[in-house]
Structures are given as structure tokens and as C-alpha cells.
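Tertiary structure, described
Spelled out, the chains give:
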Amino acid sequence: MTMILESSETFLSIKKWKEQIPGLAAIFSTRNGGSSREGFSSLNTGLHVQDEPFNVITNRNIVGANAKAPLEEWVCAEQIHGSYIKEVDRTYKGRGSTNYQDSIKGSDGLWTCESNVYLSLCFADCVPLYFVEPNSRFIGLAHAGWKGTVQNIAGKMIQKASESGVDASRIQVYIGPSIGKCCYEVDETVADQVKHCLNREDHSSLTKKTNGKYNLDLKMLNKQLLEDSGLKKEQITLASNCTSCEEDLFFSHRRDFGKTGRMSAVIGWRE
Ligand SMILES: [Zn+2]
């Protein structure tokens, strides 16, 4: 386990932020300590994956209670592998928390400056991006699979923050657990888009394999995109976890051939 994340059974939390940013909850749930069965065993938090809704809601309540981020105050998005980012406030509290149909439509990113509004997105290999700027109380959360990544959802979040008056040089970003370069093979079509999404000629997130395919480091690519949008290295922290390798801790869409659960990333200010 990496030093960057601190673990309980049901969730990991960002250690540095927990120590340095009072009042902030920023967590990533594990697959353990829940009530779902079989491929969803046991702490599946995805409502859209053919698991029993009752179990998923129970699991979400477990995460919410353990992390002191009550489920009634979660705001969840539909997540369509796009790059649209929605500003939410307390009037959105509870949206999508117990019913997927009610989630924020067509969005893969959420942000707010309000307290007791817990932004929440589901993951099983894609990259969770957490954003915070304590002075302005800006927090953001984004879902970056390869599509959202090459559409630069990371840079778009920085842009949203800047447009709302946040000093981008003070934003901290945490790039959370996702499928690692070790396990993430992509084809030429994806590699082509990766090669063209940065402002500069840098293909270091790709490693060409002998079978004509590539291994892609999605976390590194998001870091590079954030640097393109003006952030300094010191503002960005990367988790070392691979959701595919760490079977005891995480669900993995690739490893489990699609039929699997979801972890939740949650970020919010406790009043
Ligand atoms: Zn791996």
C-alpha cells in the first residue's frame, strides 16, 4: 500500500490532505466490507451495473457513514465518458445517491464551493481526479477514462475553477487509484488520440509493445495535461495503485471482463 493513501477496510483517504486541509473529506472506497455478492462482492457502489439496488444503497450508506460523508448529501453523475463538468450546490444534494435515473445527466465532472455537498463518482479502472483549493473552498471531482482524458477533462476543471475566480496556482490535484500502465493495453486508434492531446510532442505515457499495441499510463497522461494547463509538478500527487493488480482491494472492469462492481470517489467539505 502506498504511503499517499491511508486505509480503513471500506475506504482509502488522501493522507496529505487529511493532515493539511481541515474539514475536507476526500476518499476512495474499496471492494471490502459490503453486502453485495458474487462479482459485486462485496462493497459495490455502482447503481448502474445489475447489482441489487438495495445492496448498493446499503453499501453506499456504509461508505458514507464510515467516511463521515452522509449519503443524503452525495451528488452523483450519470458518467458518459465525456468531458462536461457541472457546477452543483446544496439544492442538488442527494441527486443520484439512491437512484441512478436521478443522477446529474451527461456529466463526468462536478464542482462546488459549498459545504456538506459531497461530490461522488463511480470507478472501476478509470482515473479519479480530485481537486481542491482551500482558500476559495473550491472542490472538484472528475472521471477520466481514456476518452475523458484525451478530451482533457482535467484541464477543463482547471478552466472552470479559473473562470469562477479561483487562483489556479493554489489548486491541488490528486490523481487516484486507476488501472496502471502495467495492465492497460490500448490499440493504435487510442494511441493516436493520446499522441495528439498534449500541447507538446511527448509520448512518454505510451510504451509500444511487440504485438503492435501499447501500454498506456493514464495517470501520467492526466498529470501531463494538468501541467499543460499551467499547474506545477508540486500541485499534483499521483496514487501508485493499480486497480487491476490489487484484486484484494479493487474492482477492475478489464480484469473482471466487464461484470464487476464500482468504487466511489467522494469529496466534500464537512461544515
Ligand atoms: Zn496492474
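A short tour of the structure in this document, coming up. Note that the structure is predicted; figures quoted are calculated from it, not measured.

This part takes up the sheet that holds strand S4 (residues 74-76). Taken in spatial order, the six strands line up as S1-S2-S3-S15-S7-S4 in an open sheet, and their pairing is mixed. In this open sheet, the two edge strands, each paired with only one partner strand, are strand S1 (5-7) and S4. Pairs of neighbouring strands in the sheet enclose a mean axial angle of 25°, with direction left out of account. Pairing of S1 with strand S2 (residues 11-14), which is carried by three bridges, proceeds in the antiparallel orientation. Note that in S2 the partner of glutamate 6 across the bridge is serine 13. With respect to the sheet, helix H2 (residues 53-66) is in contact with S2, strand S3 (24-29), S4 and strand S7 (118-123), its orientation differing from that of S4 by roughly 135°.

Right, let's get into empty space enclosed by the protein. Gaps between atoms show up when a probe of the same size as a water molecule is rolled over them. Considering all chains together, one arrives at one cavity of 30 Å³ or more under this definition. The computed volume of the largest cavity comes to approximately 80 Å³. In this structure, the largest cavity is lined by Leu47, His48, Arg60, Cys76, Ala77, Glu78, Gln79, Gly96, Tyr100, Ser120, Leu121 and Cys122. Of the residues that constitute the lining of the largest cavity, the class distribution is six nonpolar, four polar and two charged.

Right, let's get into helix H6 (residues 218-228). Of all eleven residues that make up H6, nine are buried, and the element is covered over most of its length. Inspection of H6 places Leu218, Lys219, Leu221, Asn222, Lys223, Gln224, Leu225, Leu226 and Glu227 among the buried residues, and these make up the whole buried set. With a side-chain oxygen positioned 3.4 Å from the backbone nitrogen of lysine 219, the residue opening H6 is aspartate 217. Following H6 by one or two positions, glycine 230 has its phi on the positive side, about 105°.

Take the state of the cysteines next. Note: disulfide means a covalent bond formed between the sulfur atoms of two cysteine side chains. Scanning the entire structure with this criterion turns up zero disulfides. Unpaired in this structure, cysteine 76 has its nearest cysteine sulfur neighbour in cysteine 122, at a distance of 6.8 Å. Exposure remark for cysteine 76: the relative accessible area of 4% places this residue in the buried category.

Another aspect to go through is the coordination of the zinc ion. Within the protein, Cys182 (SG), Cys183 (SG), Cys242 (SG) and Cys245 (SG) serve as the donor atoms for the zinc ion, at 2.3 Å. One can describe the site at the zinc ion as tetrahedral: its four donor atoms subtend angles covering 102 to 116° at the metal. Taken in chain order, the donor set of the zinc ion reads C-C-x58-C-x2-C. Placement of the pair is cysteine 183 in the loop between strand S10 (172-175) and strand S11 (185-186) and cysteine 245 in the loop between strand S14 (236-238) and strand S15 (263-269), with a sequence separation of 62 residues. Of the residues examined, cysteine 183 reaches a relative accessible area of 28% and is grouped as partly exposed.

What counts as what
- Residues numbered from 1 in each chain as written.
- Predicted model: local features only at pLDDT ≥ 70, side-chain atom pairs only at ≥ 80, totals over all residues.
- Heavy atoms only, no water.
- Pairing = 2+ DSSP bridges.
- Helix = DSSP H or I, 4+ residues; strand = E, 2+ residues; numbered from the N terminus.
- Axes fitted to C-alpha atoms, helices over the stretch in contact; angles between N-to-C directions.
- Contact = heavy atoms within 4.5 Å.
- 1 Å grid on protein atoms, 1.4 Å probe; cavity = no way out; pocket = protein on both sides within 12 Å on 5 of 7 lines; lining within 4 Å.
- Points joined across faces, edges and corners; volume = space filled by probe spheres on them.
- Nonpolar A, V, L, I, M, F, W, Y, C, P; charged D, E, K, R; others polar.
- Buried < 20%, exposed > 50% of the residue type's maximum accessible area, 1.4 Å probe, protein only.
- Polar contact = N/O pair within 3.5 Å; in protein donor to acceptor, adjacent residues only side chain to side chain.
- Disulfide = S-S within 2.5 Å.
- Donors = N, O, S within 2.8 Å, 3.2 Å for Na, K, Ca; no water.
- Tetrahedral: all angles 85-135°; square planar, octahedral: opposite > 155°, others 65-115°.

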